[in-house]
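# Structure assessment
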Amino acid sequence: MNPKFNKMFEQVSLPNGIALKNRIVLAPMTHMSSNADGTVSDAELEYYARRTGGAGMSVTAVTYVTPNGIGFPAQFAAYDDSFIPGLKRLADTIKQQGSKAVLQIFHAGRLTPEQAVPAGQVVAPSAVASERPGSPLPRELSDEEITSIIKDFGEATRRAIEAGFDGVEIHGANGYLIQQFFSPHSNRREDRWGGNIEKRLTFPLAVVDEVQEVVAKHTKLPFIVGYRFSPEEPETPGLTMEETYALIDALKEKNLDYLHVSLNEFWSKPRRGEADTRSRMEFILDRVGGKLPVIGVGSIHTADQAAEALESGVPLLAIGRELIIEPDWVEKIESGREEDIETILTKSDQERLVIPDGLWNAIIHTPGWFPMADDQS
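In what follows, the accompanying structure is described. (Residues numbered from 1 in each chain as written. Predicted model: local features only at pLDDT ≥ 70, side-chain atom pairs only at ≥ 80, totals over all residues. Heavy atoms only, no water.)

### Section: unusual backbone geometry
- For the peptide bond that leads from Thr-236 to Pro-237, omega is -5°, which places it in the cis range.
- Of note, Pro-237 is situated in the loop between β10 (224-229) and α7 (241-252).
- Its identity as a non-glycine residue notwithstanding, Ser-299 has a phi of 55°, on the positive side.
- Assignment of secondary structure puts Ser-299 in the loop between β12 (294-296) and α9 (303-311).
- Phi angles above zero are rare outside glycine, and Val-354 is one such case at about 55°. (Helix = DSSP H or I, 4+ residues; strand = E, 2+ residues; numbered from the N terminus.)

### Some thoughts on the packing of aromatic side chains
- Counting across every chain of the model gives ten aromatic pairs.
- With a centroid separation of 6.2 Å and 80° between ring planes, the pair formed by Phe-72 and Tyr-176 is classed as edge-to-face. You can see Phe-72 sitting in the loop between β5 (63-64) and α2 (84-96) and its partner Tyr-176 sitting in the loop between β9 (167-172) and α4 (177-182), a full 104 residues away along the chain. As far as the burial class goes, Phe-72 and Tyr-176 line up, both buried.
- A centroid spacing of 6.4 Å and a plane angle of 70° characterise the contact between Trp-193 and Phe-203, whose relative ring orientation is edge-to-face. Of the two residues, Trp-193 is situated in the loop between α4 and α5 (197-200) and Phe-203 in helix α6 (residues 202-218); the sequence distance between them amounts to ten residues. Like Trp-193, the residue Phe-203 is buried in the burial classification. (Phe/Tyr/Trp six-rings, centres within 6.5 Å; stacked < 30°, edge-to-face > 60°. Buried < 20%, exposed > 50% of the residue type's maximum accessible area, 1.4 Å probe, protein only.)

### What to know about the pattern of salt bridges
- What the rule picks out here adds up to 24 salt bridges.
- Between Arg-89 and Asp-42 there is a salt bridge whose closest N-O contact spans 2.5 Å. Residue Arg-89 is located in helix α2, and its partner Asp-42 is located in helix α1 (residues 42-51); the two are separated by 47 residues in the primary sequence.
- When its relative accessible area of 37% is taken as the criterion, Arg-89 is described as partly exposed. (Salt bridge = Lys/Arg side-chain N within 4 Å of Asp/Glu carboxyl O.)

### Focus on the nonpolar core
- Counting 107 residues, the largest nonpolar core has Phe-203, Tyr-227 and Trp-329 as its most contacted members.
- At eight residues, helix α3 (residues 143-163) tops the list of elements feeding residues into this core.
- Excluding residues within four positions of it along the chain, Trp-329 makes contact with Met-8, Ile-24, His-301, Thr-302, Ala-303, Ala-306, Ile-319, Glu-322, Leu-323 and Ile-341.
- With 15 residues, the next largest nonpolar core counts Ile-18, Val-25, Ile-224 and Ile-295 among its residues. (Core = buried A, V, L, I, M, F, W, Y, C linked by side-chain atoms within 4.5 Å. Contact = heavy atoms within 4.5 Å.)

### Looking at the pairing of β10
- Within β10, six of the six residues are buried, which leaves it mostly tucked inside the rest of the structure.
- Side chains Ile-224, Gly-226 and Arg-228 of β10 all project onto a buried face; the interleaved residues Val-225, Tyr-227 and Phe-229 project onto the opposite face, where all are buried too.
- Handedness of the β10-α7-strand β11 (residues 258-261) crossover: right-handed. (Right-handed = clockwise from strand over helix to strand, strands pointing away.)

### Remarks on the packing of α7 against helix α8 (residues 280-288)
- Here α7 crosses α8 at 35°, and the two axes come no closer than 10 Å. Like other packed secondary-structure pairs, α7 and α8 cross with a definite hand, here right-handed. Along its contact with α7, which presents Met-241, Tyr-245, Ile-248, Asp-249 and Lys-252, the element α8 presents Arg-280, Phe-283, Ile-284, Arg-287 and Val-288.
- Classifying every residue of the contact of α7 with α8 gives six nonpolar, no polar and four charged. (Axes fitted to C-alpha atoms, helices over the stretch in contact; angles between N-to-C directions. Left-handed = near helix turned anticlockwise from the far one by under 90°. Nonpolar A, V, L, I, M, F, W, Y, C, P; charged D, E, K, R; others polar.)

### So, the environment of Arg-278
- You can see Arg-278 is positioned in the loop between β11 and α8.
- Taking relative accessible area as the criterion, Arg-278 reaches 31% and is therefore assigned partly exposed.
- With 244 residues separating them along the chain, Arg-278 and Ser-34 place their C-alpha atoms 40 Å apart.
- Setting aside anything within four residues of it in sequence, one finds Arg-278 in contact with Lys-269, Pro-270, Phe-283 and Asp-286.
- Here the side chain of Arg-278 touches Asp-286 through a polar contact of 2.4 Å, side chain to side chain. (Polar contact = N/O pair within 3.5 Å; in protein donor to acceptor, adjacent residues only side chain to side chain.)

Below, the structure written as C-alpha cells:
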C-alpha cells in the first residue's frame, strides 16, 4: 500500500469502546429492492455481501419505524417483530464480511409518498408541504402520535439489537421527520414540540433519549448509536449553520458514538451565516471539538480525494456511490491497486457488480447521478 494512504487504514475506537478496523464507512444508500411485504430480499443481501468487506463500518439503507413512515418504493421495514428474521439475515451478511453492521432508522414524515400510506395520510410536525415538486400537504401530528413515534424509534432499536446489529443510526437528515421537527420551515407548532429553537430540538433529542434507554435496557454489550444530520436547508425559513451549531451542542451532551454529516460535496461552503471561506465540514469539526467522532461524506471518488478529506481532521469517511461502481474500492487501495479502481458504469455492469433491479433502474433513469459510459462490446 502507498504510505500516503496509511491514515485511511488506522483502527478507530468509538466512545463505547467498539473498534473499527479502518476509517472507511459504507454510506447508507437507498436501493429500493426490498420485498413487497417490507422484508429484506435476497437481492439486498447479495448487494451488501459484495461491497461490505472493506469498510470498517457499514450503514444500511434506511428502514422505517412506523407503518406510515415509509419513504420509498420497495423499502424494508422495522416496525414489527415479524421483520426481525430478515433484519437478522442482513446483520449477519454484513458482519460476515468483517464490517460493523449499523441499521439506519427513520420516519419520512411529509416526504412519505401519498400512495404508500392509507388514505394518503401523510403526517408531519405541521400542515406545511415540502417545497419539492409534487409534495402533498401533510396532516399535523397530534401530541399523542408524536410520543408514539418516539416509542417506535425505541422499538426499532430493540429489534436491531435482537437481530444482531452492532448499532443504529438515527436519520435526522435529508428533510425527513426528525429534521422536520427541528426545521423552522416544516415546524410551525406553538406547543412543547415547536416554537423557539430549544422547543424544535425537543423531538430529535427525545428520540435520542428513547433509543439510548432501549439500548441500556436490552443489551449489556457495547452498541453503537449514531446520529445523521444535514447542516443547512435551502428554504426560507430554513436551517442555518447557527442552528446546526445548536443541534451539535445538544448532541455532544448525549453520549453518542458518532455524528454523520449529510452532504453532497465534502468541501462545500455554507449557504449563509458564515463570513469566512472554510467548508461546512471544517466549521462542524470545530464545533464538535473532538468530543465524538464525525463521519464526513460527499463526492469522494478517488483514493487521493479520500486522503485529502482525512487530512481535514475528520475521523471517519463515508463512501457511497464509489462502492456501487467499485465494490473493491477499499481493498484495492489497501493492496496498492488504487489505479485499478473503476470510476464509470456501463449498461452491462449490473450483474457483474451485483446491483439489485430497484437501484439499477434508478441509476440508469437518473441522468448525472452516476458516470455512465456506452458499452464498448
